[in-house]
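Report on the structure
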Amino acid sequence: MSTTGFPHLHLHSEYSLVDSTVRVGPLLEHCAAAGIPAVALTDQMNLFGMVKFYRKALAAGIKPIIGADVRVTTDDEMDRPYTLVLLCQDATGYRSLSELLTRAYLEGQVRGEPQLRREWLDRARCAGLIALSGGAQGDVGRALLNGHEDRARNLVADWQAIFGDRYYLELVRTGRSGEEEVVQACLQIAGAAGAGVVATNDVRFLAREDFFAHEARVCIRDGRVLGDKDRPRHYSEEQYLRSADEMRERFADIPAAIDNALEIAKRCNYELSLGNSVLPAFPVPAGETEGDYLEAQARHGLEVELARKFEDEVIPANERDAVAAPYFARLETELEVIRGMGFPGYFLIVADFIRWARENGVPVGPG
């Protein structure tokens, strides 16, 4: 990976449905053309675009970083959900993030929006994850904007207890209200707490001229019209995929924030294993393989069906072997195909729940 480019670590794509206009294909084409060595996909509360992004990034020669922009909520009804960016450092981090997001959808829905409970985030559940504070939209940033510097320092200490040196204060300069105030305060806290700082551009569109289209999309989400002077402006025309030179110029006074972005990109090395079937191991008798057990079960089932056929059609005993031969030949062909594809376990699993359904009065179709 190049050490001169700038890796964007906070970026929403088309999979953040009403929050971004970035499409995965054009994103990677743009990164390749601009010499961006690595990029993170951090869609809001989901990993839906992960496989598509990973494949296209590798094809474009870009290092893919898997992550998510999560919404965290607390028991304090006065606190609005805040942002925390989580990046997968390795396979352990991917499992941690997957489990957290799954729990958010199963247990953390608030008015249809999945959220993480703050108490779910501890050292064990966040293993293998790198965290960015979320800038002005994170809990530390909000505390600073509300004048609660002591609370901000305590929050940083709490996150460091969970993530250690994998927690970074996120510095964003896109011209939105309060951002620079948060940047300067975070620098002071980072120095005292020994925390790292990192620059991001909180990307929502590829080019500056895409801002208007993005605003239209936001208006659709909010039920507003572009001409409404009173509508909230949560985004800036600066939230595009800036080049390395632009980011270095913008953070010329904080070169460590750029260096740390590269360092984080180096630390994130999760590799997806694609194209392989992943099935649970089906329990089979000792000394047998799944293939052996499937064959035994299939032969037994065929023998039962043939016995029914011989009885219903009154086939003489001396003719039954000849009648049965084509069926057993076809069974052997089917079993060879199943073994060759590595699917004995799949057929055993499906047979198991179909058997359970029939035994418990659940209708089962011919498929």
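An account of the accompanying structure is given in this report. Nothing here was measured: the structure is a model prediction, and the numbers come from that model.

Quick look at the nonpolar core now. Counting 82 residues, the largest nonpolar core has Leu87 and Leu169 as the members making the most contacts within it. In terms of nonpolar packing, the next biggest core, distinct from the first, is built from 11 residues, Leu306, Ala324, Leu331 and Leu335 among them.

Tracing the sequence through the fold places Ala324 in helix α11 (residues 320-341). Ala324 gets classed as buried once you look at its relative accessible area, which sits at 8%. Measuring from C-alpha to C-alpha, the distance between Ala324 and Ala136 comes to 74 Å, with 188 residues separating the pair along the chain.

Given a rise of 1.5 Å per residue, 17 residues ought to cover 24 Å, and the 24 Å separating the end C-alpha atoms of helix α3 (residues 91-107) matches this to within 8%. The set of residues buried in α3 consists of Gly93, Ser96, Leu97, Leu100, Leu101 and Ala104. One side of α3 carries all its buried residues, which in axial view fall inside an arc of 125°. For α3, the exposed residues lying more than 90 degrees away from the buried face are Glu99, Leu106 and Glu107. Structurally, α3 contributes buried residues whose contacts are with β2 (63-73), β3 (82-88), β4 (109-110), β5 (113-114), β6 (116-117) and β7 (129-132). Structurally, the start of α3 carries an N-cap: the backbone nitrogen of Thr92 is 3.2 Å from a side-chain oxygen of Asp90.

Notably, Arg111 is not glycine yet its phi reads approximately 50°, a positive angle. Within the secondary structure layout, Arg111 lies in the loop between β4 and β5. Within the chain, Asp202 stands out as a residue other than glycine whose phi angle is a positive 45°. Structurally, Asp202 can be placed in the loop between β9 (196-200) and α7 (211-222).

We now examine the packing of helix α10 (residues 290-313) against helix α12 (residues 344-359). Interaxial distance between α10 and α12 falls to 9 Å at its minimum, and their mutual angle equals 50°. When the interaxial angle is binned, α10 and α12 end up oblique. Every pair of crossing elements has a handedness; the one defined by α10 and α12 is left-handed. Here α10 contributes Glu290, Gly291, Tyr293, Leu294 and Gln297 to the contact with α12, which in turn contributes Pro344, Gly345, Phe347, Leu348 and Arg355. Its residues assigned to classes, the contact of α10 with α12 shows five nonpolar, three polar and two charged.

Here we come to the state of the cysteines. A covalent bond between the sulfur atoms of two cysteines is what we call a disulfide. For the structure shown, the criterion picks out zero disulfides. Cys31 carries a free sulfur, and the closest cysteine sulfur to it, the one in Cys268, is 15 Å from it.

For the rest of this paragraph, the subject is helix α9 (residues 255-267). End to end, α9 covers 19 Å across 13 residues, agreeing with the expected 18 Å (1.5 Å per residue, within 8%). For α9, the full list of buried residues reads Ala257, Ile258, Asn260, Ala261, Leu262, Ile264, Ala265 and Arg267.

Turning to a nonpolar patch on the surface, a few remarks are in order. Taken together, Leu279, Tyr346 and Phe347 make up a surface patch of nonpolar side chains, about 270 Å² in accessible area. Among the structural elements, Tyr346 can be located in helix α12. Of the residues examined, Tyr346 reaches a relative accessible area of 40% and is grouped as partly exposed.

What follows is about the packing of aromatic side chains. Inspection of every chain in the model, using the stated rule, returns seven aromatic pairs. With centroids separated by 6.1 Å and ring planes inclined at 40°, the aromatic side chains of Trp159 and Phe163 adopt a geometry described as tilted. Of this pair, Trp159 and Phe163 both sit in helix α5 (residues 149-163), separated by four residues, roughly a single helical turn. Grouping residues by exposure puts Trp159 and Phe163 together as buried. Considering the side-chain rings of Phe343 and Tyr346, the 5.9 Å spacing of their centres and the 50° angle between planes classify their relative orientation as tilted. Over the ring of Trp159 we find Arg118, and its NZ or CZ is 4.2 Å from the ring centre.

What counts, and at which threshold
Residues numbered from 1 in each chain as written. Predicted model: local features only at pLDDT ≥ 70, side-chain atom pairs only at ≥ 80, totals over all residues. Heavy atoms only, no water. Core = buried A, V, L, I, M, F, W, Y, C linked by side-chain atoms within 4.5 Å. Buried < 20%, exposed > 50% of the residue type's maximum accessible area, 1.4 Å probe, protein only. Helix = DSSP H or I, 4+ residues; strand = E, 2+ residues; numbered from the N terminus. Expected span 1.5 Å × (residues − 1). Arc of directions from axis to C-beta. Contact = heavy atoms within 4.5 Å. Polar contact = N/O pair within 3.5 Å; in protein donor to acceptor, adjacent residues only side chain to side chain. Axes fitted to C-alpha atoms, helices over the stretch in contact; angles between N-to-C directions. Parallel < 35°, antiparallel > 145°, perpendicular 65-115°, else oblique. Left-handed = near helix turned anticlockwise from the far one by under 90°. Nonpolar A, V, L, I, M, F, W, Y, C, P; charged D, E, K, R; others polar. Disulfide = S-S within 2.5 Å. Patch = residues over 30% accessible without salt bridge, like charges linked within 9 Å, V, L, I, M, F, W, Y side chains within 5 Å. Areas by Shrake-Rupley, 256 points an atom, 1.4 Å probe, with all protein chains shown as cover. Salt bridge = Lys/Arg side-chain N within 4 Å of Asp/Glu carboxyl O. Phe/Tyr/Trp six-rings, centres within 6.5 Å; stacked < 30°, edge-to-face > 60°. Lys NZ or Arg CZ within 6 Å of the ring centre and 35° of its normal.

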